[in-house]
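Report on the structure
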Amino acid sequence: MRISSPNSLSWQSMLRRTPAALAAVSGLVCALAGFLPLETRAGRVIEWKLRDAHVLFTPARTPANLLIVATDEAATEAFPEPLLFWHRHYAEAIERLAAAGARVIALDMVFAIPVEPWAPGLDARLAAAIARAEPATPVLVGTAPLARQKEQERAVPANLLAASLGRLVDVTLTPDEDDFVRRLPLVNPDGLPSLALAAAGLYLGQPVDPRPAAQLEIRHAGPAGSIARVSLKELLAADEQRLRALAHGRIVLLGADLPFDRHATPYYAFRPGQPANTAGVEIHASAIDTLLTASWPREALLPLRLALQFLAAAAAFLLTWRLRGGRLAGSLLLLTLATALTAHAAARAGWWLSQSGLVLALAGGAVLGVAAGRRLMREAVRSEERRCRERG
């Protein structure tokens, strides 16, 4: 009687016994490797671009409690003075908005120097308008690092008044490494709150605390032009009824929608007929809406991200192990689609999964499945050949 050697096990039996263990090991390896891209600049940029895809497939919205008064091309054509000397127009806008019942007024602009030597009375005119609006309608005044560095040398009345009232805010926008604006520091190194944080707190009547983030990830309302706006020219020409309908009970942001203050967002170049970039004032408005609705995206818990990456890698491994040809291609396509839909559903709910981690897990699982399957197949063929020789 012939005693079977260990090599005499059929290759079909080997295939039946091995996949689960190999899939588990491969899934764990790929799941852990999925976190490596975020340690490199290129990996972080890829992650942001993949997240941008989810943003693009999220419907735009128009917040009802926000209005932008834009210093735009229409206004620059209507007013002959250089922008540096528009204090009179800003002051009139503040007075009219306060009279119309605006809840908060936020100036997304920096008054870096006093203009008194060239245009006497303009600095005082703007400061007086801000003082008259308070306290019924708080007026936030923007500042930026360069202006703060020089404020002791050239004191600007509007800045001094705002600082004394606690209304001085940081309007700096900090782009990510790919020069897209997705996040906003809530408090600057000098302790000044961002425009968005201060405006949201005044509107709600209480401080906003988006724990645990030091930076707010902005949930953009949509492409450029998604938030209600009116030109400064139109605002100053509007009658009281029209003005009240526009501004009553709203946060009104006054800022530039001109080429020098436009920035790339996830909606960059996806707005036919409009500037590809979004005005800085609209980015601040989206940040305010993010805080008011508490809809800032959060990173999903590490165990959840790890588990989903493990499942994606293990599933890809098993599919490439067991299937071939058209069935394999179709199954991998369905797995990729299911993974993408899961990530998108999580994003819509306000939770970020690791997009690059999921992609790497799927690709790694598939590659390891093919490699392991071929390796075992070769071993099975060799085992069968040995059995044939032994019988012969």
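Data block above holds the structure.
If you're wondering where the values come from, they're calculated on a predicted model, not measured in any experiment.

Glancing now at a nonpolar patch on the surface. A cluster of nonpolar residues, Leu 334, Leu 337 and Leu 341, forms a patch on the protein surface that exposes about 320 Å² of accessible area. What makes Leu 334 exposed here is its relative accessible area of 58%.

What follows deals with the pairing of strand E8 (residues 251-256). Burial analysis of E8 places six of its six residues in the buried class, the great majority of the element. Residue alternation in E8 divides its side chains into two sets, Ile 251, Leu 253 and Gly 255 and Val 252, Leu 254 and Ala 256, and both sets are buried. Where strand E1 (residues 66-71) meets E8, six bridges bridge the pair, whose relative direction is parallel. Paired with Thr 71 across the strands is Ala 256, a residue of E8. Looking at chain direction, strand E2 (residues 104-110) and E8 are connected through five bridges and run parallel.

Bringing the packing of helix H9 (residues 195-204) against helix H12 (residues 280-292) into the picture now. Describing two packed helices takes the angle between their axes plus the distance from one axis to the other. The geometry of H9 relative to H12 is characterised by a closest axis approach of 9 Å and an angle of 45° between their N-to-C directions. Accordingly, the angle class assigned to the pair H9 and H12 is oblique. Every pair of crossing elements has a handedness; the one defined by H9 and H12 is right-handed. Of the residues in H12, those in contact with Leu 195, Ala 196, Leu 197, Ala 199, Ala 200, Tyr 203 and Leu 204 of H9 are His 284, Ala 287, Ile 288, Leu 291 and Leu 292. Split by residue class, the contact of H9 with H12 holds eleven nonpolar, one polar and no charged.

Right, let's get into the nonpolar core. Residues Val 69, Ile 94, Leu 107 and Leu 232 are the most contacted members of the largest nonpolar core, which totals 37 residues. Looking at this core, the element that brings in the most residues is helix H5 (residues 87-99), giving five residues. Other than its neighbours up to four places away in sequence, Leu 232 contacts Val 69, Ala 70, Thr 71, Ala 75, Phe 79, Trp 86, His 89, Tyr 90, Ala 93 and Leu 254. Within the second largest apolar cluster, 35 residues are counted, among which are Leu 195, Ala 196, Tyr 203 and Val 281.

Among the structural elements, Thr 290 can be located in helix H12. There is a polar contact of 2.8 Å between the side chain of Thr 290 and the backbone oxygen of Ser 286.

Gaps left between atoms are located by rolling a probe of water-molecule size over the structure's atoms. Approximately 520 Å³ is the volume found for the second largest pocket. What lines the second largest pocket is a set of 23 residues, among which Asp 108, Met 109, Val 110, Ala 256 and Phe 260 lie closest to the centre. By residue number, the principal contributor to the lining of the second largest pocket is E2, which donates three residues. Along the lines of polarity and charge, the residues of the lining of the second largest pocket split into 14 nonpolar, seven polar and two charged.

Here the focus is H12. Between its first and last C-alpha, H12 extends 19 Å over 13 residues, near the 18 Å set by a 1.5 Å rise per residue. Burial analysis of H12 places 13 of its 13 residues in the buried class, the great majority of the element.

A word on the pattern of salt bridges. Taken as a whole and judged by the stated rule, the model has 18 salt bridges. With a shortest N-O distance of 2.7 Å, Arg 182 and Asp 178 are connected by a salt bridge. Its salt-bridge partner being Arg 262, residue Asp 257 comes within 3.0 Å of it at the nearest N-O pair. For the residue pair Asp 257 and Arg 262, the accessibility class agrees, reading buried in each case. One salt-bridge network, held together by shared partners, links Lys 49, Asp 52, Asp 176, Asp 178, Arg 182 and Arg 183.

Thresholds applied
Residues numbered from 1 in each chain as written. Predicted model: local features only at pLDDT ≥ 70, side-chain atom pairs only at ≥ 80, totals over all residues. Heavy atoms only, no water. Patch = residues over 30% accessible without salt bridge, like charges linked within 9 Å, V, L, I, M, F, W, Y side chains within 5 Å. Areas by Shrake-Rupley, 256 points an atom, 1.4 Å probe, with all protein chains shown as cover. Salt bridge = Lys/Arg side-chain N within 4 Å of Asp/Glu carboxyl O. Buried < 20%, exposed > 50% of the residue type's maximum accessible area, 1.4 Å probe, protein only. Helix = DSSP H or I, 4+ residues; strand = E, 2+ residues; numbered from the N terminus. Pairing = 2+ DSSP bridges. Axes fitted to C-alpha atoms, helices over the stretch in contact; angles between N-to-C directions. Parallel < 35°, antiparallel > 145°, perpendicular 65-115°, else oblique. Left-handed = near helix turned anticlockwise from the far one by under 90°. Contact = heavy atoms within 4.5 Å. Nonpolar A, V, L, I, M, F, W, Y, C, P; charged D, E, K, R; others polar. Core = buried A, V, L, I, M, F, W, Y, C linked by side-chain atoms within 4.5 Å. Polar contact = N/O pair within 3.5 Å; in protein donor to acceptor, adjacent residues only side chain to side chain. 1 Å grid on protein atoms, 1.4 Å probe; cavity = no way out; pocket = protein on both sides within 12 Å on 5 of 7 lines; lining within 4 Å. Points joined across faces, edges and corners; volume = space filled by probe spheres on them. Expected span 1.5 Å × (residues − 1).

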